[in-house]
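Residues per chain, in single letters:
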Amino acid sequence: MSNQEKKYLRFPLYRRVQHWVMVTSFITLGFTGLIQKFNQAAFSEFLFRVLGGVEPTRIIHRVSAIVLALVTIAHLGDFLYNWYVKRGRLLMLPDKDDLTNAWGLFLHNLGIRKESPKQGFFTFEEKFEYWALIWGTVLMGVTGFILWNPLLANKILPASWIPAAKAAHGLEAILAVAAVAVWHSYHVLIKHFNKSMYTGYMSHEEMEHFHPKTLEEPAEEPLDPNTPQFKRRKKVFGVVYSILAVGMLAALTFLVFTEDTALATRPPVEEMEGVEAYSPLAPTAIPTYAVPADIADLGASWNGGIGDYLTETCGMCHNAGRGVGGLDMTSYQGVLEGGDSGPAVRPGAGGISPVVLWAQREDHLLQLDDEFVAALREWIDAGAIEN
């Protein structure tokens, strides 16, 4: 057989099956995930109607995530078997030649170097894509299950991890879809239609062009499966991987069924006829308060008496010298500037001014009389004037 007629096995059937199952789950995840992220877009609303609503879309998204997790577990077994039992070379591991090849291809594309660098069985572009997929799968898996089980995640992790997981999950989804749509599609469909993931084989001409270094290296000799060493390693692999696979499947099952915290969407009301809504005939009255005559003698301004009372009662702890909480209650400017928690007085808003709220708290060192609180609120509501 001539070299031109030779075919080189690149992807055996079980790896092609892994690839296409992963591709199917990836496309489904990207499709159903992005329309949830951009749910206000007209295109997303149309697709929600096609899929039957948000709930069916969520179910499809989660089923696809489970499929991707199962493919990952299977791929781990494939890697361990090839590395430990068959003693196969770890061709996907990056090495120093990948940096040299990347720089050489960069110079070749600029026209500085005439020849393209010779690459091995996997090019540096393919290795980059592979490890980007591994990283993305781990990140999307972790953040996805945090969002799937927020109550459980909140018991183990700080609460801030949940919004962080949501942001990372959405941004990584955009990055992954863009990388596949632009980078991967260009290299395997546009630049050169690579049929090896369909047929499993590459022609001699394709190998010479894309993987010439492989043809220069001696072919890897397969190990005899009948040797005692091979059989022993196979038994060890069977025990170790079985334990790992059962553990990962148990963890996956637990995370899938441990909780259901997604809010169900309420179906739209088709007919508004006959729907009664309660509406009060008159608005609810705003509560009022009365200031006794003796308290009113304090005046309606800071210098007219309010300041003297606050200095006498609150100034023991909140003054220019001690200033508990960074607050000085012995001066008009100090009250307005406030302390560590902000202004003590909000002119025109007595009901929410901290000086009023603190005075009524049970854990506060000093509680003001109700009558004075009423006078204080009246002063603040009137604008908290100084003179």
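Above this text is the structure in question.
Residues numbered from 1 in each chain as written. Predicted model: local features only at pLDDT ≥ 70, side-chain atom pairs only at ≥ 80, totals over all residues. Heavy atoms only, no water.

Novice: Looking at this structure, I do not really get a nonpolar patch on the surface. What am I missing?
Specialist: Taken together, the side chains of Leu13, Val17, Val21, Ile59, Val63 and Val67 present a nonpolar region at the surface, about 490 Å² in accessible area. Of all the elements in the fold, those that place two or more residues in the nonpolar patch are helix 1 (13-37) and helix 3 (54-85). Summarising the element assignment, Val67 is placed in helix 3. The exposure class of Val67 is partly exposed, given its relative accessible area of 30%. (Patch = residues over 30% accessible without salt bridge, like charges linked within 9 Å, V, L, I, M, F, W, Y side chains within 5 Å. Areas by Shrake-Rupley, 256 points an atom, 1.4 Å probe, with all protein chains shown as cover. Salt bridge = Lys/Arg side-chain N within 4 Å of Asp/Glu carboxyl O. Helix = DSSP H or I, 4+ residues; strand = E, 2+ residues; numbered from the N terminus. Buried < 20%, exposed > 50% of the residue type's maximum accessible area, 1.4 Å probe, protein only.)

Novice: Can you help me understand helix 11 (residues 228-257) in this one?
Specialist: Because the α-helix completes a turn every 3.6 residues, residues three or four places apart line up on one side. The end-to-end C-alpha distance of helix 11 is 43 Å, a good match for the 44 Å that 30 residues give at a rise of 1.5 Å each. Looking at helix 11, one finds that the buried residues are Phe230, Arg233, Phe237, Tyr241, Ala245, Leu252 and Val256. (Expected span 1.5 Å × (residues − 1).)

Novice: Looking at this structure, I do not really get the pattern of salt bridges. What am I missing?
Specialist: Oppositely charged side chains may form a pair once their charged atoms are brought near each other. Applying the stated criterion across every chain yields a total of nine salt bridges. As a salt-bridge pair, Arg15 and Asp78 come within 3.0 Å of each other at their nearest N and O atoms. In this pair, Arg15 sits in helix 1 while Asp78 sits in helix 3, placing the two residues 63 residues apart along the sequence. Under the relative-accessibility criterion, Asp78 is labelled buried at 11%. Across the pair Asp97 and Lys96 runs a salt bridge whose closest N-O atoms are separated by 3.7 Å. Classification of Asp97 as partly exposed rests on a relative accessible area of 28%. Judged by its relative accessible area of 66%, Lys96 is exposed. Each of Asp95, Asp98 and Lys127 takes part in one network of salt bridges that share partners.

Novice: Got a minute to help me understand the packing of helix 1 against helix 2 (residues 42-51) in this structure?
Specialist: For any two helices packed against each other, the geometry comes down to the angle between their axes and how far apart the axes lie. Where helix 1 meets helix 2, the axes come as close as 9 Å, and the angle between the chain directions of the two elements is 125°. On the basis of their axis angle, the class for helix 1 and helix 2 is oblique. When you trace helix 1 past helix 2, the crossing you get is left-handed. Mapping the contact onto sequence places Phe31, Ile35 and Gln36 in helix 1 and Ser44, Leu47, Phe48 and Leu51 in helix 2. Of the residues in the contact of helix 1 with helix 2, the class split is five nonpolar, two polar and no charged. (Axes fitted to C-alpha atoms, helices over the stretch in contact; angles between N-to-C directions. Parallel < 35°, antiparallel > 145°, perpendicular 65-115°, else oblique. Left-handed = near helix turned anticlockwise from the far one by under 90°. Contact = heavy atoms within 4.5 Å. Nonpolar A, V, L, I, M, F, W, Y, C, P; charged D, E, K, R; others polar.)

Novice: What am I meant to see in the nonpolar core here?
Specialist: Burial of nonpolar side chains together is a common tendency in soluble globular proteins. Counting 20 residues, the largest nonpolar core has Leu310, Met329, Val345, Val355, Leu376, Trp379 and Ile380 as the members making the most contacts within it. Breaking this core down by element, the ones donating at least two residues are helix 13 (302-314), helix 14 (332-337), helix 15 (354-359) and helix 16 (370-381). It is helix 16 that provides the largest number of residues to this core, a total of five residues. Among all residues touching Met329, those that are not within four sequence positions of it are Trp302, Leu310, Thr311, Cys314, His318, Asn319, Val335, Ala344 and Val355. Counting residues in each nonpolar core, the second largest holds seven residues, with Ile73, Leu80, Phe237 and Ala245 among its members. (Core = buried A, V, L, I, M, F, W, Y, C linked by side-chain atoms within 4.5 Å.)

Novice: Just checking my understanding: could you explain the side chain of Asp98 for this structure?
Specialist: For Asp98, the position within the fold is in helix 4 (residues 96-109). Separated by 2.9 Å, the side chain of Asp98 and the backbone nitrogen of Asp95 make a polar contact. Not counting residues within four places of it along the chain, the set of residues in contact with Asp98 comprises Leu93, Phe124 and Lys127. (Polar contact = N/O pair within 3.5 Å; in protein donor to acceptor, adjacent residues only side chain to side chain.)

Novice: Help me out: how do you make sense of the packing of aromatic side chains in this one?
Specialist: Describing an aromatic ring pair means giving the distance of the ring centres and the angle of the ring planes. A full pass over the atoms with the stated rule returns 14 aromatic pairs. Measuring from ring centre to ring centre gives 5.0 Å for Phe121 and Phe122, while their planes differ by 90°; the resulting arrangement is edge-to-face. Ring centres of Trp302 and Trp379 lie 6.2 Å apart, and the angle between their planes is 40°; this geometry places the pair in the tilted category. With Trp302 in helix 13 and Trp379 in helix 16, the pair connects residues that are 77 residues apart, well separated along the chain. (Phe/Tyr/Trp six-rings, centres within 6.5 Å; stacked < 30°, edge-to-face > 60°.)

Novice: Before we go on, may I ask you to explain helix 16 in this structure?
Specialist: With 12 residues, helix 16 should reach 16 Å at 1.5 Å per residue; the first-to-last C-alpha distance of 16 Å fits that figure. Within helix 16, the full set of buried residues consists of Phe372, Val373, Ala374, Ala375, Leu376, Trp379 and Ile380. At the exit of helix 16 stands Gly383, carrying a positive phi of roughly 115°.

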